[in-house]
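For reference, the chains in residue letters:
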Amino acid sequence: MKRFTGLALLALAWILAAPLGGPGRRALAVGTGSGQMVLVRTERQLPISGDPIWELQLLLPGQPARAYEALVGRARRQDGDRDRLGSKAPLPRGRYAVTEITPVEPTDEAELGRFLWIGLEPDFPTARRGLGIHHDPSAGRGRSSGTDGCIGLIHGNDLLVLGDLLRRSGTTELLVRD
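The structure displayed is predicted, hence computed values, not measured ones.

Strands in a sheet are paired, the pairing made by backbone hydrogen bonds, and the direction either parallel or antiparallel. Reading around the circumference, β3-β4-β5-β9-β8-β7-β6-β10 is the order of the 8 strands in this closed barrel, with mixed pairing throughout. Looking at each pair of strands side by side, their axes are set apart by 35° on average, direction ignored. Along the sheet, helix α2 (residues 156-169) contacts β3 (36-45), β4 (52-59), β5 (66-72), β6 (94-103), β7 (116-122), β8 (132-135) and β9 (151-153); its crossing angle with β7, the most-contacted strand, is approximately 60°.

Structure (structure tokens):
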């Protein structure tokens, strides 16, 4: 109960601290900074669903690296066409810009989980659109486990910490290596 209350209070603080970002939504401004996120595939898998676990690393100058476990795409689509819209494959390799950090609304799709949406825009030509980082509420839960192609953090509290660090550091870049 204490963990849930703490997460709820942190999410509420995010919402209250955010400037208005459009009709009915609050978006957090994203500045420019010198940090970087890097996404890499690991050899680990979720025990029940077999989903490959990816690692989202946050590299900030002068600070120890931070790493967050994530699912990227669906387990059976890991070798799919990463540039094809609707492929449910992992994000294409390359550089992305962080475009927004927005609280997830109760009316948003359940696939986005709870807390925050961190928007990503590819810096290269691809048919993929609507990519971002969010909580994956289906992680490890059978056929629905994984994402439609986004980076789905397995632990919701990691998303809150990441969002806060991105906002404070001004980090605006993601590099997908694998």
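And the narrative resumes.
For the rest of this paragraph, the subject is unusual backbone geometry. Most peptide bonds take the trans configuration, and most residues that are not glycine carry a negative phi. The phi torsion at Lys-88 lies on the positive side, around 60°, for a residue other than glycine. Structurally, Lys-88 is set in the loop between β5 and β6. Here Lys-88 falls in the partly exposed class, since its relative accessible area comes to 36%. For Phe-115, which is not a glycine, the phi torsion comes out positive at approximately 80°. Here Phe-115 lies in the loop between β6 and β7.

For an α-helix, 3.6 residues make a turn, and residues three or four places apart therefore share a direction. If you check α2, its first and last C-alpha atoms are 20 Å apart, about what 14 residues at 1.5 Å a residue would give, namely 20 Å. Here α2 has its buried residues at Gly-156, Asp-158, Leu-159, Leu-160, Leu-162, Gly-163, Leu-165 and Leu-166. Two residues or fewer after α2 comes Gly-170, characterised by a positive phi angle close to 80°.

Let us now look at the pattern of salt bridges. Enumeration over the complete set of coordinates arrives at 9 salt bridges. The residue Glu-111 makes a salt bridge to Arg-74 at a minimum N-O spacing of 3.7 Å. With Glu-111 in the loop between β6 and β7 and Arg-74 in the loop between β5 and β6, this residue pair connects regions lying 37 residues apart in the sequence. The two residues Glu-111 and Arg-74 agree in class, both being buried. Here the salt bridges share partners, and the residues they tie into one network are Arg-74, Lys-88, Glu-111 and Asp-148.

Secondary-structure assignment places Pro-61 in the loop between β4 and β5. Note on Pro-61: relative accessible area 54%, which makes it exposed. Distance in space between the C-alpha atoms of Pro-61 and Ser-34 is 7.3 Å, their sequence separation being 27 residues. Setting aside anything within four residues of it in sequence, one finds Pro-61 in contact with Ser-34 and Gly-35.

The rules behind the values
- Residues numbered from 1 in each chain as written.
- Predicted model: local features only at pLDDT ≥ 70, side-chain atom pairs only at ≥ 80, totals over all residues.
- Heavy atoms only, no water.
- Pairing = 2+ DSSP bridges.
- Helix = DSSP H or I, 4+ residues; strand = E, 2+ residues; numbered from the N terminus.
- Axes fitted to C-alpha atoms, helices over the stretch in contact; angles between N-to-C directions.
- Contact = heavy atoms within 4.5 Å.
- Buried < 20%, exposed > 50% of the residue type's maximum accessible area, 1.4 Å probe, protein only.
- Expected span 1.5 Å × (residues − 1).
- Salt bridge = Lys/Arg side-chain N within 4 Å of Asp/Glu carboxyl O.

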